[in-house]
Every structure is written in C-alpha cells, then in structure tokens.
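Below, each chain spelled out in residue letters.
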Amino acid sequence: MLLAILPLHATHAAEPLVIAAGAGYKRPVVELAQAFERQAGIKVESFFGNMGQVIAQAVQSERVALVFGDQAFLDAAKQLRFERYLSAGKGRLVLAWPKGRSLSQAGDITQPAFIRIALPDMRHAVYGKAAAEYLEHSGLGARVNDRLLTVATVPQVSAYLVSGEVDAGFINLTDAIGVRDRIGGFIEIDPALYGEIRIVAGVVEGRSQLSGVSELAAFLETPEAKAILVRHGL
C-alpha cells in the first residue's frame, strides 16, 4: 500500500489530502500540490477530468476534500455542496491556433481557411460556455457555427491544436501558456464578451476537518502560491 511507505509526520494523519480539479487546471494544481507538499509535509493526491466527471468522483469518494474549478459550476452542482471557497484567481478565455496558421484578431476565424474550430463541451467545461457566449455576443457565432467542433475538455482542444488537427480553438489562458511552444500562438478574448470566471478551491461540505484542508487554505494565501497561480494565467 502506497501510504505505508510515505514518511509520517507527527502532527498530520497518514491519509493524503485529495483534490479534484477540472482538466484545464492540471498544470497549476500539480505545481501548487508539489509546493504545498514541500512546505507542509502533507501528501497530496489529485485527479482531473471534465467538471461533470470531477463532481461525480467527489460524490462517490468521501476522501475528496476540495474541488478546484469554476465557482459558478460548483454553485450549481446539485449532488455536492461546499462549505466555503478558497480564491484561486480569474479564468481567461483565449483563441489559439496551430503552427502554420496566424490570427491578428478573433474575427479572422470567419476566413475560409479556418474550417475546424474546436471548443470544450459547454455543458461540462466553463470555457466551452464562455466561448459560446463570446461567439454570440460578438456576432461571430452565426458565421462559424457549422465549423465548430465540440470536444470534452480544454486539454483535448489543446491537443488538437498541437497536432494541427484543427485550425483554431478556444481554451483558457492557463492551458495556452502550457502549450505555447507547441502551437502557433493565441490572443485573449475581451472579458466583457463572456461571463466572469472565478476559479476557486471549494471545500466539500463535511470534509473541512480532513487532514491538510486548513493548511492548504493558509498556503493559498502565501506569496509562493499566488506567484504560481499568476504564472499560470490566473
């Protein structure tokens, strides 16, 4: 059993702190977890997926203490309630393109060369919803609707951009920063054209007493944690 070989700390239980997170935030969550482990000596386990999967897993497992994602989605989750939210920043929508393509402005996706435009599933991914809102409010939706390709998560859009299987894609700034050396580029979308995205770590109701929750809450307020979040576009 893995926990049997982990170093035990006199002030902490052997059980690790378990965090679930939207797939688009894997990079910052992993870096935060590593920094937290070094500072607090508390082991962190994490898993990622679309938010529908994340909520379902958190319901099934009583060990999940925190869910990292969009506050509006967590507020609307009927299967799971949260005692409080720990702020992690604001999400930002970007339009990215693969190597070999170029965009000077978002409206360029109406050009004939942009045949396949990917976005995450708006039912389970906040950036899919944000992309749909942007397309509607900008007036571009009607002009590109038949070119849209819906996939499950932000990282799947990014994977298509890296492989060149799509001509453009809507992702979050966090993922765009993570793959920027493997794509052609990206531009930020005007935040006035989609709803505010508040990224939080929601403490699951009844689980705030689990080992590491209070320590992680304190860690998120430190300059080190804030610097990690800013570096990842939050």
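Here, the structure is the one placed above.
Everything quoted here is computed from the prediction, not taken from an experiment.

(A) The nonpolar core, seen in detail. Counting 64 residues, the largest nonpolar core has Leu-17, Leu-66, Phe-68, Leu-93, Ile-109 and Phe-170 as the members making the most contacts within it. Looking at this core element by element, the count peaks at six residues for helix 4 (residues 126-138). Each residue touching Leu-66, except ones within four places of it in the same chain, is listed here: Leu-17, Val-18, Ile-19, Ala-20, Leu-86, Ala-201, Gly-202, Val-203, Val-204, Val-213 and Leu-216. Of all hydrophobic cores here, the second largest spans 14 residues; its members include Ile-55, Ala-77, Val-200 and Val-204.

(B) Layout of the sheet that holds strand 3 (residues 64-70). The five strands lie next to each other as 2-1-3-10-4, forming an open sheet whose pairing is mixed. Only two strands of the sheet have a single neighbouring strand rather than two, namely strand 2 (44-49) and strand 4 (82-90). Averaged over all neighbouring strand pairs, the angle between strand axes comes to 20°, with direction disregarded. In the sheet, strand 4 pairs with strand 10 (residues 198-204) via seven bridges, with the strands oriented antiparallel. From the neighbouring strand, Arg-84 faces strand 10, where its bridge partner is Val-203. Running over the sheet, helix 1 (residues 26-40) touches strand 1 (17-22), strand 2 and strand 3 and is turned about 175° from strand 2.

(C) Geometry of the environment of Gln-209. Note on placement: Gln-209 falls in the loop between strand 10 and helix 8 (213-219). Looking at Gln-209, the relative accessible area reads 57%, which means it is exposed. Taking C-alpha positions, Gln-209 is 8.9 Å from Ala-65, a pair spaced 144 residues apart along the chain. Within the structure, the side chain of Gln-209 is placed 3.1 Å from the backbone oxygen of Gly-206, a separation counted as a polar contact.

(D) Looking closely at the packing of aromatic side chains. Tallied over the entire structure, the rule returns five aromatic pairs. Each ring, one from Tyr-25 and one from Tyr-127, has its centre 6.2 Å from the other, and the planes form 50°; the classification is tilted. With Tyr-25 in the loop between strand 1 and helix 1 and Tyr-127 in helix 4, the pair connects residues that are 102 residues apart, well separated along the chain. Centroid distance Phe-82 to Tyr-85: 5.8 Å. Interplanar angle 35°. Geometry classified as tilted. On the basis of relative accessibility, which here comes to 26%, the residue Tyr-85 falls in the partly exposed class. The rings of Tyr-25, Phe-68 and Tyr-127 are connected pair by pair, giving a single aromatic cluster. The positively charged end of Arg-101 is found above the aromatic ring belonging to Phe-114, 5.6 Å away from the centroid.

Criteria and thresholds
- Residues numbered from 1 in each chain as written.
- Predicted model: local features only at pLDDT ≥ 70, side-chain atom pairs only at ≥ 80, totals over all residues.
- Heavy atoms only, no water.
- Core = buried A, V, L, I, M, F, W, Y, C linked by side-chain atoms within 4.5 Å.
- Buried < 20%, exposed > 50% of the residue type's maximum accessible area, 1.4 Å probe, protein only.
- Helix = DSSP H or I, 4+ residues; strand = E, 2+ residues; numbered from the N terminus.
- Contact = heavy atoms within 4.5 Å.
- Pairing = 2+ DSSP bridges.
- Axes fitted to C-alpha atoms, helices over the stretch in contact; angles between N-to-C directions.
- Polar contact = N/O pair within 3.5 Å; in protein donor to acceptor, adjacent residues only side chain to side chain.
- Phe/Tyr/Trp six-rings, centres within 6.5 Å; stacked < 30°, edge-to-face > 60°.
- Lys NZ or Arg CZ within 6 Å of the ring centre and 35° of its normal.

These values are about where atoms sit, not about what they do.
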